[in-house]
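Architecture and fold: a report
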2 protein chains.
Amino acid sequence: MTQAQQTQQIRGGAPSRRALLGWGGAGLALGAAAAGGAVAVARTGDDTTPAAAGTGSAVEFHGTHQAGIATPVQDRLHFAAFDVKTDDRAEFVQLLKDWTEAARRMTAGKPVGEGAYGGLPEAPPDDTGEALGLKPSRLTLTIGFGPSLFDRFGLQDKRPEALAELPAFPGDNLHKARSGGDLCIQACADDPQVAVHAIRNLARIGFGKVAVRWSQLGFGKTSSTTPDAQTPRNLFGFKDGTRNIAGTEADRLKEHVWVGDGDGPDWMSAGSYLVARRIRMNIETWDRTSLQEQEDVFGRDKREGAPVGKAGEHDAPFLKAMKPTAHVRLAHPDANDGITILRRGYSFTDGTDGLGRLDAGLFFLAYQRDVRKGFIPLQRKLAAHDALNEYIQHVGSAVFAVPPGVRDSGDWWGRTLFSKEA
Amino acid sequence: MTQAQQTQQIRGGAPSRRALLGWGGAGLALGAAAAGGAVAVARTGDDTTPAAAGTGSAVEFHGTHQAGIATPVQDRLHFAAFDVKTDDRAEFVQLLKDWTEAARRMTAGKPVGEGAYGGLPEAPPDDTGEALGLKPSRLTLTIGFGPSLFDRFGLQDKRPEALAELPAFPGDNLHKARSGGDLCIQACADDPQVAVHAIRNLARIGFGKVAVRWSQLGFGKTSSTTPDAQTPRNLFGFKDGTRNIAGTEADRLKEHVWVGDGDGPDWMSAGSYLVARRIRMNIETWDRTSLQEQEDVFGRDKREGAPVGKAGEHDAPFLKAMKPTAHVRLAHPDANDGITILRRGYSFTDGTDGLGRLDAGLFFLAYQRDVRKGFIPLQRKLAAHDALNEYIQHVGSAVFAVPPGVRDSGDWWGRTLFSKEA
């Protein structure tokens, strides 16, 4: 390898057009390296998906279903809901195609655009740059379409009945500015900078066509979709949702999560429905509550997460041993005709409210085959009876139809909904 | 080892008093294990500092200086400023002692209190529990005292002159609710749940005596205090502050960071002064700015972080090659009579403002030997001339005297300031 090639490799990416033009300060040296024949080396490096290596690895973007649902839950979340600003269907479809291409690159650990700064020096960079040098970090990007999107672009007949607006539940205190949205992107990654970078670049690409309505950072996962893993603790210090659907349980996924052929409009086959709820926890009140009351509220032991009367987290619960208002007793599938949802929630802490209390809680994310048969009946019951209601408040809410996966390099997000041929 | 002891070990901590009392469901089995003689095993486990092992390891809490300043920068931050609510000096001193003991335990990866849930079932748990089972994650807790604290408790004569209130700088748009504070705690850890847990438990212990005034989560470090490491990128996609003081550079720390004997009041010897600034970045504007303008603003190449005309991040800059308003040219020690501050800032993203823009930026944290000779003259110059000002706004500000380290297990935070013998 020549010294020029080595220099290029250390720089770790394709030469920018700036470099090829010999523009700028450091660019002069880089331009010389490129002229020395290092282009092929760098291009190869740029087009290769980084090798899988634990939390730094890449998750395959293409598939029957979108990644980010059955994928083992990553450590961090950045979730954004967008409103559509354009009335031009063709422009919106082009955005979905542009987003898909950007998502394909970012989930593989590549910057947006060809080369990190592929543009001319006179133009803004193709990629904002803060993730340069970071690993793919198992980034997944998952798109969803909100009910209000179907009032646009002649989509009225395409709206699935399973994408039901949520009713007003007792105790709801929803902030409009943190609810709804024409579409959403869920970015999950093991490195928060990678998740934030992805949402930011999609927002940038969508400038003028869509606008961020609200967004939420999640710093700690509260659910596991990995079989036999310990359930992470929520901010009440408890393990909750210990019998979550694992990404490897094909039968349960098929029964409870993936939309089947004939479930509704064809375009949603292999998709899912997402309910997002911002649940504020009254941390300070909870922290002054006795251990016994806390354990009664959940119906679990705090240390182990074991159901009342049992020894281990994953032991089958004996519901009648719990108080009638215990969270587990009310939410368990056995008490709800088998209703099961796949949970992917994250803890959040957004500073302090005006009263010196932590603005913290659970950003609840649940995937299901039909919102009318999943979250809605479950939450009707919980909102009416759950002892936990004394310590929480639902302050944000949204529901989205999550279309099937992007099949291959020619496919794009939402094709089954928007394509004339679909 | 008996089976009972093994069970105890798997449970991973001291038996709670609840268990010893044989109370509760799962507690019955645990009580039996404890009765079988496992107490010593568990107590040993509870009192042993977890072995150092990469990002999961523990950082020593005791020392000449507080940890969290020269310590290699951890990945995540939770920072909280508190106002004092009690007028009782003895009560406040007791809080400092209680906080010290809690900090000593949490930085070692232990729950607050003896055993995770050492209290009676009728009492709130000693520890809120959400960090149970997590590693120490290099948690450091660093306390600071704000100027307003010295208006209380007869401390007027103890206020160091070096703890100067910051003047109003041109362009400042400070939010009162995000500024000031009688004291602060900086929690840094490689796991955000560990940092959030620590602040929350200190706030809980302080209930009624202090109240959180504001707090800030930082998701990505922007500085390195490790020699020769690559500088992490800020949300503008740039490496900034590449010649930061490393934790191993004893001479530079002594000259620029640690308060020396005779610098001011004795109680601050081996301490430091902290400036915190919440700097909002106008992300959307920046992202539409040309690469050339971005690089001109910083005086660096975006890809490498190299100063104008140089090839590598750590190459010595040639300041005159930069535009007169370039950030590096203005901030460099060579242009400021050698002024050098130790930076430990973090990127933040706190959702979206009312206009659909990311509420994101840099939570700037800088340690120095004297605020009057560190941040103030530097910021006077930057506020007047820095090209970056078009893209940023300072929206929060605070300054704190950071006392020396807690020497040993009998010492406590603030002893040199509050103790009669000191």
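Bear in mind that the values here come from a model prediction, so they are computed numbers and not experimental data.

**A short note on empty space enclosed by the protein**
- Scanning all chains against the criterion turns up 6 cavities of 30 Å³ or more.
- Its boundaries defined by the atoms lining it, the largest cavity holds a volume of some 160 Å³.
- L217 and F219 of chain A together with L217, G218 and F219 of chain B are, among the 16 residues lining the largest cavity, the residues nearest its centre.
- By residue number, the principal contributor to the lining of the largest cavity is strand β8 (residues 346–352) of chain B, which donates 3 residues.
- Here the lining of the largest cavity is built from residues that sort into 8 nonpolar, 4 polar and 4 charged.
- Taken as a whole, the second largest cavity holds about 70 Å³ of empty space.
- Lining the second largest cavity are P403, P404, G405, V406, R407, D411, W412, W413, G414, R415 and T416 of chain B.
- Here the lining of the second largest cavity is built from residues that sort into 5 nonpolar, 3 polar and 3 charged.

**Digging into helix α10 (residues 375–385) of chain A**
All names here are of chain A.
- All of the buried residues along α10 are F375, I376, L378, Q379, L382 and A383. Seen end-on, α10 carries its buried residues on one side only, within an arc spanning 155°.
- Against the buried residues of α10 lie β6 (272–281), α9 (327–331), β9 (358–368) and β10 (392–402).

**Observations concerning the UniProt feature "domain: Dyp-type peroxidase C-terminal" (unreviewed entry) in chain A**
- Mapped onto this structure's residue numbering, the UniProt feature "domain: Dyp-type peroxidase C-terminal" (unreviewed entry) falls at residues 231–406 of chain A.
- The distance from the first to the last C-alpha atom of residues 231–406 of chain A is 30 Å, and the span holds 20% helix and 23% strand.

**Concerning the side chain of T107 of chain A**
Residues and elements named next belong to chain A.
- Tracing the chain through its elements places T107 in helix α4 (residues 89–107).
- Judged by its relative accessible area of 2%, T107 is buried.
- A polar atom in the side chain of T107 sits 3.3 Å from the backbone oxygen of R104.
- The residues touching T107, leaving out its near neighbours within four places in the chain, are A58, V59, F61, P136, L139, T140 and L141.

**Things to note about the packing of helix α4 (residues 89–107) of chain B against helix α5 (residues 192–205) of chain B**
Residues and elements named next belong to chain B.
- It is the contact of α4 with α5, at a shortest axis distance of 10 Å, that shows an interaxial angle of 155°. By the angle class used here, α4 and α5 are roughly antiparallel. The two elements α4 and α5 meet at a crossing, and its hand is right-handed. Counting all contacts with α4, which are made through L95, D98, W99, A102 and M106, the residues of α5 involved are H197, A198, N201, L202 and I205.
- A breakdown of the residues in the contact of α4 with α5 according to their chemical character gives 7 nonpolar, 2 polar and 1 charged.

**Some thoughts on the pairing of β9 of chain A**
Residue and element names in this part refer to chain A.
- Buried residues dominate β9, accounting for 11 of its 11 residues.
- Two elements, strand β7 (residues 342–343) and β9, share 2 bridges in a ladder whose sense is antiparallel. Note on β9: the bridge partner recorded for R343 is A366.
- Pairing between strand β8 (residues 346–352) and β9: 5 bridges, direction antiparallel. Pairing of F348 across the sheet is with G361, part of β9.

**Considerations on the relation of the copies chain B and chain A**
- Laying chain B over chain A is done by rotating through 180° and shifting 0.0 Å along the axis; what remains is an RMSD of 0.0 Å. Expressed as a symmetry operation, the mapping of one chain copy onto the other fits a two-fold axis. Among all C-alpha atoms of chain B, that of D350 of chain B lies closest to the rotation axis, at 3.2 Å.
- Comparing contact sets, 98% of the residues at the interface of chain B also lie at the interface in chain A, consistent with an isologous, same-surface contact.

**Here we look at the interface of chain B and chain A**
- Listed by partner, the interface residues are 65 residues for chain B and 65 residues for chain A.
- Between chain B and chain A lies a buried interface of about 5,500 Å² when both sides are counted; carbon and sulfur atoms form 56% of it.
- Among the residues of chain B in contact with chain A, R200, L291 and R303 of chain B are the three that bury the most area, contributing 14% of the side total.
- The tally of links from chain B across to chain A stands at 2 salt bridges.
- The salt bridge involving R200 of chain A is made with D287 of chain B; its shortest N-O contact spans 2.8 Å.
- Summed over the shared surface of chain B and chain A, the number is 18 residue pairs in polar contact (both at pLDDT 80 or more).
- Elements represented by at least two residues in the side of chain B that touches chain A include exactly α3 (26–47), β1 (76–84), α5, β4 (210–218), α7 (283–287), α8 (291–298) and β8 of chain B.
- Looking at the side of chain B that touches chain A, its residues break down into 26 nonpolar, 21 polar and 18 charged.

**With respect to the pattern of salt bridges**
All names here are of chain A.
- Enumeration according to the criterion identifies 44 salt bridges over all chains in this entry.
- Here D87 makes a salt bridge to R152, at a shortest N to O gap of 3.3 Å. Taken together, the residues span a long stretch of sequence, with D87 in the loop between β1 (76–84) and α4 and R152 in the loop between β2 (140–145) and β3 (183–189) at a distance of 65 residues.
- According to the relative accessible area criterion, D87 is exposed, its value standing at 71%.
- Here R152 falls in the partly exposed class, since its relative accessible area comes to 23%.

**Section: the environment of D386 of chain B**
Residue and element names in this part refer to chain B.
- Looking at where D386 falls in the secondary structure, it is placed in the loop between α10 (375–385) and β10 (392–402).
- Classification of D386 as buried rests on a relative accessible area of 5%.
- For the pair D386 and D411, spaced 25 residues apart in the sequence, the C-alpha separation amounts to 44 Å.
- Ignoring any residue separated from it by four or fewer positions in sequence, one finds D386 in contact with T325, A326, H327, L330 and K381.

**Describing the packing of aromatic side chains**
- A complete count under the given rule lists 40 aromatic pairs over all chains for this structure.
- Ring plane angle 20° and centroid distance 5.6 Å describe the contact between F79 of chain B and W214 of chain B, whose orientation is recorded as stacked. On the criterion of sequence distance, the pair formed by F79 of chain B in strand β1 and W214 of chain B in strand β4 is long-range, its members being 135 residues apart. The residues F79 of chain B and W214 of chain B share a single accessibility class, namely buried.
- For the ring pair F364 of chain B and F375 of chain B, a centre distance of 5.6 Å and an interplane angle of 45° mean the geometry is tilted. In this pair, F364 of chain B is assigned in strand β9 (residues 358–368) and F375 of chain B in helix α10, connecting sequence segments 11 residues apart.
- We classify F375 of chain B as buried; its relative accessible area is 3%.
- Clustering of aromatic rings is evident, with ring pairs tying together F92, F145, F150, F153, W267 and F418 of chain A.
- The ring of F207 of chain B carries the charged tip of R288 of chain A above its face, separated from the ring centre by 4.0 Å.

What counts, and where the lines are drawn
Each chain carries its own residue numbering, running from 1 in the written order of its sequence. Whichever chain is written first becomes A and whichever ligand is written first becomes 1, with later ones labelled in order. pLDDT decides what is reported in this predicted model: residues at 70 or higher carry local features, side-chain atom pairs at 80 or more are listed and counted, and totals for whole chains, interfaces and linings draw on all residues regardless. As a rule here, side-chain values cover all heavy atoms of the structure and leave hydrogens and water aside. Cavities and pockets are defined on a 1 Å grid built over the protein atoms alone: a cavity is a set of grid points where a 1.4 Å probe fits but cannot escape, while a pocket is an open set with protein on both sides within 12 Å along at least five of seven lines, and lining residues are those with an atom within 4 Å of any such point. Grid points are joined across faces, edges and corners, and a volume is the space filled by probe spheres set on the points. Numbering of helices and strands runs from the N terminus, with a helix taken as a DSSP run of H or I at least four residues long and a strand as a DSSP run of E at least two residues long. Note on residue classes: Ala, Val, Leu, Ile, Met, Phe, Trp, Tyr, Cys and Pro are nonpolar, Asp, Glu, Lys and Arg are charged, and everything else, Gly too, is polar. For the exposure calls, accessible area comes from a 1.4 Å probe over protein chains only, and a residue counts as buried if that area is under 20% of its type's maximum, exposed if over 50%, partly exposed in between. The reported arc concerns the directions from the helix axis to the C-beta atoms and nothing else. Contacts are assigned to residue pairs with any non-hydrogen atoms lying within 4.5 Å of each other. UniProt positions are given in the numbering used here, feature names are shortened, and annotations may be inferred rather than shown by experiment. What qualifies as a polar contact is a pair of N or O atoms within 3.5 Å, subject to a donor-acceptor requirement within protein and to the restriction that residues adjacent in sequence count only when both atoms come from side chains. Only the contacting stretch of a helix is used when fitting its axis, a line to C-alpha atoms as for every element, and angles between N-to-C directions run 0 to 180 degrees. For classification purposes, angles smaller than 35 degrees are called roughly parallel, those larger than 145 roughly antiparallel, those between 65 and 115 roughly perpendicular, and all remaining angles oblique. Throughout, a crossing is termed right-handed when the near helix is turned clockwise from the far one, and left-handed when it is turned anticlockwise from it by less than a right angle. Any two strands with at least two DSSP bridges between them are considered paired. Only residues with pLDDT of at least 70 in both copies count here: their C-alpha atoms drive the least-squares fit that superposes the copies. Two parts lose some accessible area (1.4 Å probe) when they are put together, and adding that loss for both gives the buried area. Here, a salt bridge means any Lys or Arg side-chain nitrogen found within 4 Å of an Asp or Glu carboxyl oxygen. Each Phe, Tyr or Trp ring, with Trp reduced to its six-membered ring, pairs with another whose centre is within 6.5 Å; inter-plane angles below 30 degrees give stacked pairs, above 60 give edge-to-face pairs, and intermediate values give tilted ones. The criterion for a charge sitting over a ring is simple: Lys NZ or Arg CZ within 6 Å of the ring centre, and within 35 degrees of the ring normal.

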